[in-house]
Amino acid sequence: MSAAPKTAMVLAAGLGTRMRPLTDSMPKALVPVAGKALIDHVLDRLRDAGVERAVVNVHHFADQMEAHLEGRRDLEILISDERAALLDSGGGIRHAADKLGRDPIFVANIDSLWIEGRTPALETLKQAWDPGAMDILLLLVKRGQGIGFEGPQGFFRDDAGRLTHSTAAAPPTPFANIGFAILKPQVLDDQPEGAFSIIPTWHRLQAEGRLYGVPMEAFWMHVGDPAARDQAEARILSEAPLS
């Protein structure tokens, strides 16, 4: 196992349109689930995995996000300001390059929660990371092992862990990307400033045999809309130990 990332990019700038009406007055990242904002669920996981610096991009209700994040003292938090325009998954990481440094980083979406299995999910990701073979390592969940794996989009994985991305209806993909990964920032060096998706970079690395994935043991919950939020909250509370 190589050295684990100490820096994370937290993608928190989205409009959260599917989460309305909750996001009519707050950013999606501050929507509470089981008494804790989505962003804090994610930052807690990253902190527990050894992350020391988190770069968080902001756009929707950016002032609320900055005020909330000022309250955290357990991590160094840097703001990547996207008030001027949303930059999508790839553009958001590229825009924050000066804050992220050149070493491998975690990348985290704020709408993925999970109930841990025997091995913590981010420990599984860290243990599988091999920078000699990989440029991106995605954290995956098996189909049926979670809430929110809808539609055909997902991945096939070979015996070595190399991934093939698919959006075709058949055959069904056995794995979904949960929105957490380890990534070398250099993979985006050839991209121009501005908005762009990370998916074409997946496809380039897939062709080069350098896009990998590892399944987690955890039960995944994609918190995409108010009904999913309620479902995730009920699941988390049902797993909580009695005090």
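Please read these numbers as outputs of a predicted model, since none were measured by experiment.

Visitor: Run through the side chain of arginine 210, naming residues and quoting values.
Guide: Mapped onto the secondary structure, arginine 210 falls in the loop between helix H6 (199-208) and strand E13 (211-215). Of the polar contacts made by the side chain of arginine 210, one reaches the backbone oxygen of methionine 134; its length is 3.3 Å. At 2.9 Å, the side chain of arginine 210 and the side chain of aspartate 135 are in polar contact. Contact partners of arginine 210, with chain neighbours within four places excluded, come to Pro131, Gly132, Ala133, Met134, Asp135, Ile136, Lys184 and Leu205.

Visitor: Break down the pattern of salt bridges for me, citing the residues and quoting the values.
Guide: If you walk through the whole model with that rule in mind, you get 27 salt bridges. With a closest N to O distance of 3.8 Å, aspartate 24 and arginine 20 form a salt bridge. Classification of arginine 20 by relative accessible area gives partly exposed; the value is 48%. In this structure, the salt-bridge partner of arginine 118 is glutamate 217, at a minimum N-O distance of 3.6 Å.

Visitor: Help me get a handle on helix H1 (residues 38-48), residues and values and all.
Guide: Extensive coverage of H1 is indicated by the burial of 8 of its 11 residues. Within H1, burial applies to Leu38, Ile39, Asp40, His41, Val42, Leu43, Asp44 and Leu46. Where H1 terminates, the next one or two residues include glycine 50, which has phi positive at roughly 100°.

Visitor: So what's going on with the nonpolar core? Which residues, and what values?
Guide: Of all hydrophobic cores here, the largest spans 53 residues; its most connected members are Val10, Ile39, Leu46, Met65, Leu139, Phe180 and Met216. Broken down by element, the residue count for this core peaks at 5 residues, all from H1. Sequence-distant contacts of valine 10, that is, excluding residues within four places in its chain, are made with Ile39, Val42, Leu43, Leu46, Ala54, Val55, Val56, Asn57, Ala108 and Ile110. Listed in part, the 23 residues of the second largest apolar core include Leu11, Val55, Ile136 and Leu188.

Visitor: Break down unusual backbone geometry for me, with residues and values.
Guide: The linkage connecting arginine 20 with the following residue, proline 21, adopts the cis geometry, with an omega of 10°. Following the sequence through the fold, proline 21 ends up in the loop between strand E1 (7-11) and strand E2 (32-33). That bond from alanine 170 to proline 171 is cis: its omega, -5°, falls within 30 degrees of zero. Secondary-structure assignment places proline 171 in the loop between strand E11 (163-166) and strand E12 (175-183).

Visitor: Summarise the sheet that holds strand E14 (residues 219-222); cite the residues concerned and give the values.
Guide: Remark on secondary structure: sheet strands pair via backbone hydrogen bonds, oriented parallel or antiparallel. Taken in spatial order, the 3 strands of this open sheet run E7-E14-E9, and their pairing is mixed. Looking at the sheet topology across the chains shown, the edges are occupied by strand E7 (112-115) and strand E9 (146-147). Here 4 bridges tie E7 to E14, and the two strands are oriented antiparallel to one another. Considered in E14, the bridge of isoleucine 115 is made with phenylalanine 219.

Definitions and cut-offs
Residues numbered from 1 in each chain as written. Predicted model: local features only at pLDDT ≥ 70, side-chain atom pairs only at ≥ 80, totals over all residues. Heavy atoms only, no water. Helix = DSSP H or I, 4+ residues; strand = E, 2+ residues; numbered from the N terminus. Polar contact = N/O pair within 3.5 Å; in protein donor to acceptor, adjacent residues only side chain to side chain. Contact = heavy atoms within 4.5 Å. Salt bridge = Lys/Arg side-chain N within 4 Å of Asp/Glu carboxyl O. Buried < 20%, exposed > 50% of the residue type's maximum accessible area, 1.4 Å probe, protein only. Core = buried A, V, L, I, M, F, W, Y, C linked by side-chain atoms within 4.5 Å. Pairing = 2+ DSSP bridges.

Any functional reading would require information beyond the geometric quantities listed.
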